Amino acid sequence: MGRARLAELHGVATTYEPAPGHSAKVSEDTVVAVLAALGVDASTPRAVRDALEAHEAAARGRLLPPAVVLRRGGKRNLPELPEGTALRVDTEDGRSLDWDGTAPLPLGGHVLRVRAPDGRTAGAPLIVAPERLPTPPARGHGFLVQLYSLLSARSWGMGDLGDLAELAAWAGRAFGSDFVQVNPLHAAVPGPPTDPSPYRPSSRRFPDPVHLRIEEIPEFAHLTGPARQEADALLARAAGLREGVLRRSALIDRDAVWALKRRALELLRTVPLGPGRRAAYCDFLAEQGQALDDHSTWCALAETHGPDWHTWPAGLRDPRSARTARARGELLDRVDFHCWLAWLTDGQLAAAQRAAREAGMRVGLVHDLAVGVHPAGADAWAQQDALAAGMSIGAPPDAFNSRGQDWGLPPWRPDALAATGYAPYRELLRGLLRHAGALRIDHVMGLFRLWWVPQGYEPRRGAYVRYDAEAMLGVLALEAHRAGTAVIGEDLGTVEPGVRETLAEHGVLGTSVLWFERDYENGGAGGARPAPLEPERWRSGCVATATTHDLPSTAARLTGDHVELRHRLGLLTRPLAVEQREDATGLAEWLALFGRLGLLPEGPGDEEAAVKAVHRFLLRTPARLVGVWLPDAVGDRRPQNLPGTWDQYPNWRLPLADAAGRPLSLEELAASPRLHALMEDLRKHGAGAAGRR
């Protein structure tokens with residue numbers, strides 16, 4: 001009981017539910033390992049007693065928790081203080097306010113100071129957040145796309161920020177679209193080979209310069225002599241990469257693209273910045289501060305010592321060591337190079353969002369926040385104090401995966417976040433929201449709890465660790481309010497009871513994928529699968545879409561191609577005929593509903609008509625935003641990522657293609673009759689109401 005009590009005090013669950021109504025016990029060695037990662041020794045009965053006594057003693061002597069987060073209009077979580085305690089708030093703008101504990105305070109990150117009648121004093125970070133997050137100003141529709149897959153006639157072998165700006169400007173003007181949602185653009189751990197997954201980044205705090213459009217960097221126009229000749233040769237080689245992907249069935253090769261861009265950037269750096277650009281760069285350095293310095297130092301050290309900081313010389317594994325400080329000085333030119341790359345990328349992100357808004361988009365770019373970072377990368381090196389060493393985020397066993405999942409990403413330590421007033425989390429959000437109209441948070445349930453898997457353990461032998469969701473949501477609300485951005489939570493899969501309701505109460509939009517929206521409330525007769533959910537019963541606070549990057553495209557689902565693909569790769573756990581029969585039955589239920597609602601007047605057997613019917617249905621729902629997966633608009637049958645595969649399938653490396661699998665450039669996409677027919681149909685069936693005109 002003592003160890004269970006200690007685990008409870010530190011937010012570590014000792015049981016979990018692999019299926020609704022079924023409880024499983026977390027092993028004792030897992031509890032010990034997870035507590036150790038939180039700095040608590042629970043290895044022996046004596047250690048448990050000592051830890052409990054230390055915790056209770058600290059609680060008795062503490063006037064304030066490590067951090068206080070208050071939500072305007074919501075519940076206050078001020079601790080109980082001795083009667084007569086004086087409270088003072090030092091605001092972020094330099095004022096000092098006497099406070100009675102109830103009067104409204106300005107939004108922001110402040111410091112709360114208290115003095116008890118017995119003379120004890122304490123201070124803690126105080127976050128005052130708005131009651132709710134901003135929401136999109138009106139109902140809207142837009143595109144979802146994996147940016148790397150969208151090549152134009154000017155791309156260097158993969159989609160870039162210039163392509164993103166073009167897509168947004170075109171979609172806004174041609175169709176009245178209000179947003180473009182992209183994959184995470186976080187900085188990757190450098191290769192070769194670079195992990196192509198955008199969800200295992202080196203840093204979530206800075207974007208990857210591989211997304212730069214080289215020719216749009218102002219200094220490019222001022223290259224002369226041999227540098228200009230070399231740049232022209234690089235352009236020719238980039239054209240070869242592009243044509244290989246678009247015309248010769250080559251996969252997107254991130255490392256080849258970066259090799260060309262990196263050399264071009266080295267050439268551009270020899271061109272002096274003009275006075276105005278130099279001043280803007282200096283402002284960026286000052287604004288980004290230590291975070292950018294750490295990121296760029298890691299990048300410079302990785303060039304010398306390799307991309308896994310765990311293998312570096314001992315002194316360099318600590319970002320605050322004297323040896324790291326010396327190395328930073330010795331590598332100052334390379335550190336500055338990577339700072340400059342971050343500045344250039346930030347500028348092109350700003351330009352893309354500006355293009356979206358100028359095209360009439362009311363939201364613009366929707367950026368994506370991955371659930372964690374690569375353990376070898378820049379953030380894991382720079383933020384060791386905030387991350388749980390020896391732990392990985394994953395998922396427990398469930399009805400779909402009896403082994404559980406290990407995603408290989410170190411989790412935040414909830415105690416470390418609170419001790420810093422959630423500074424690492426606030427800084428992360430602030431950076432992502434700089435040039436965003438909205439932010440998608442992958443696995444948003446992680447604001448409440450995460451499944452921690454100790455290093456060397458099977459994924460099923462993990463444990464849930466709870467976070468202060470009210471604080472995490474409060475910080476999110478404050479930063480989103482300041483940026484004027486909406487937030488979309490990816491809440492698919494197994495979700496703890498009450499989580500969706502809490503997110504909705506705070507104004508976080510959910511994610512609703514058509515094929516998963518069934519009437520689970522009423523269930524199915526005789527244990528049958530529940531019926532498709534009628535459109536008017538969908539929640540309004542969501543992005544409604546037909547699919548995502550991890551799911552089959554709509555065309556593949558309509559044709560059954562996705563089942564055949566999984567069969568060819570040996571991923572099915574049941575006979576092919578059984579899977580096909582079940583898939584066809586589920587599809588028929590949806591098509592029948594479309595027919596009853598008058599959304600499929602063309603009748604059965606017409607794939608393009610069925611794709612239109614899917615999106616007509618989405619427009620019938622009250623969803624705040626309706627998303628069109630861009631590959632769906634041209635009939636692409638291939639998923640961008642096939643979970644459960646590694647080298648069996650080219651995850652994250654496929655260009656957008658038509659129904660025949662022929663890659664399409666952005667220019668060809670914009671001229672696609674199939675895409676225009678779909679978007680015109682949506683306009684006719686209500687996208688004008690879901691947009692502005």
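Heads up: these notes are all about the structure in this document. The structure displayed is predicted, hence computed values, not measured ones. (Residues numbered from 1 in each chain as written. Predicted model: local features only at pLDDT ≥ 70, side-chain atom pairs only at ≥ 80, totals over all residues. Heavy atoms only, no water.)

Some thoughts on the sheet that holds strand β13 (residues 391-395)
Taken together, four strands build an open sheet; the order of strands is β14-β13-β16-β17 and the sheet is antiparallel. Each edge of the sheet is formed by a strand with only one pairing partner; in this case those strands are β14 (405-409) and β17 (463-466). Across this sheet, the average inter-strand angle for adjacent strands is 50°, counted without regard to direction. Summarising the sheet, β13 and β14 pair through three bridges and their orientation is antiparallel. (Pairing = 2+ DSSP bridges. Helix = DSSP H or I, 4+ residues; strand = E, 2+ residues; numbered from the N terminus. Axes fitted to C-alpha atoms, helices over the stretch in contact; angles between N-to-C directions.)

Points about the packing of aromatic side chains
Applying the stated rule across the entire model yields 15 aromatic pairs. Consider the rings of Tyr199 and Trp652, whose centres lie 5.7 Å apart with planes at 45°: the pair is tilted. Here the residue Tyr199 occupies a position in the loop between β10 (186-187) and β11 (203-207), and Trp652 occupies one in the loop between β21 (625-629) and α19 (666-670), the gap between them amounting to 453 residues. Feature note: the residues Trp515, Trp538, Trp590, Phe594 and Phe617 constitute an aromatic cluster, connected by ring pairs. Its guanidinium or amino end placed over the ring of Tyr464, Arg449 lies 3.7 Å from that ring's centre, counting from NZ or CZ. Above the ring of Tyr457, the side-chain terminus of Arg461 is found at 4.3 Å from the ring centroid. (Phe/Tyr/Trp six-rings, centres within 6.5 Å; stacked < 30°, edge-to-face > 60°. Lys NZ or Arg CZ within 6 Å of the ring centre and 35° of its normal.)

Digging into unusual backbone geometry
Pro192 follows Gly191 through a cis peptide bond whose omega is 0°. If you trace the backbone, Pro192 turns up in the loop between β10 and β11. Of note in this structure, His443 is not a glycine but carries a positive phi near 50°. With respect to the secondary-structure elements, His443 resides in the loop between β15 (438-441) and β16 (449-454). Of the residues examined, His443 reaches a relative accessible area of 18% and is grouped as buried. A positive phi angle, close to 65°, is found at Trp652, a residue other than glycine. The class for Trp652 is buried, based on a relative accessible area of 9%. (Buried < 20%, exposed > 50% of the residue type's maximum accessible area, 1.4 Å probe, protein only.)

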